[in-house]
Amino acid sequence: QVQLVESGGGLVQAGGSLRLSCAASGSFFSINDIGWYRQPPGKQRELVATITRSGRKNKADSVKGRFTIYRDNAKNMVYVQMNSLKDEDTAVYYCRAECVVGGILYIYWGQGTQVTVSS
């Protein structure tokens, strides 16, 4: 069983910053890709940013230059620093992790944390 717990969401003014954290716990051998997705109101879930175990990053064009993803493998944590926030960044942000459990790769999701950007 693997749990992902997000924190750091909240209400922020446009142009402000937030840092989201995701902590992975439970019984797993390793975490491969881990990252963030978001679901804006009335829209489908979309990629924000992901990072491989070796540190290679993938980000949505809409957040390039504003969001930075990084991870701490020793602590099984992933973070996203979000700067210059815009109204369109308002969404529920979900942590997603690819975890190896018993030699099999599984996908896990957190419960989500709300980010609201007000103008």
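Throughout, residues of each chain are indexed from 1 in the direction in which the sequence is written. Side-chain atom pairs in this predicted model are given and counted only at pLDDT of 80 or more, local residue features only at pLDDT of at least 70, and totals for whole chains, interfaces and linings cover all residues. Heavy atoms throughout the structure, all of them, feed into the side-chain values; hydrogens and water do not.

Asks: What exactly am I supposed to notice about the side chain of Arg66 here?
Replies: To qualify as a helix, a DSSP run of H or I must reach at least 4 residues; to qualify as a strand, a run of E must reach at least 2; elements of each kind are numbered from the N terminus. Relative to the helices and strands, Arg66 is located in the loop between strand 6 (57-59) and strand 7 (67-72). Side-chain atoms alone can form a polar contact between residues adjacent in sequence; in general such a contact is a pair of N or O atoms within 3.5 Å, and within protein one must be able to donate a hydrogen while the other accepts it. Only 2.9 Å separates the side chain of Arg66 from the backbone oxygen of Ser84, close enough to count as a polar contact. Beyond its immediate chain neighbours, meaning those up to four positions away, Arg66 contacts Gln81, Met82, Asn83, Ser84, Leu85, Lys86 and Asp89. In this description, contact between two residues means that some pair of their heavy atoms is separated by no more than 4.5 Å.

Asks: It is not clear to me how the pairing of strand 11 (residues 113-118) should be interpreted in this structure. Could you clarify?
Replies: Of the two faces of strand 11, only the one carrying Thr113, Val115 and Val117 is buried; Gln114, Thr116 and Ser118 on the other face are not. Pairing analysis gives four bridges linking strand 2 (residues 10-13) to strand 11, with the strands arranged parallel. Each bridged residue has a counterpart across the sheet, and for Gln13 the counterpart in strand 11 is Ser118. We treat two strands as partners when DSSP finds at least two bridges between them. In the sheet, strand 9 (residues 91-101) pairs with strand 11 via three bridges, with the strands oriented antiparallel. Bridge assignment links Ala91 to a residue of strand 11, and that residue is Val115. Burial here depends on accessible area, computed with a 1.4 Å probe over protein chains only, as a share of the maximum for the residue type. Under 20% is buried, over 50% is exposed, and the range in between is partly exposed.

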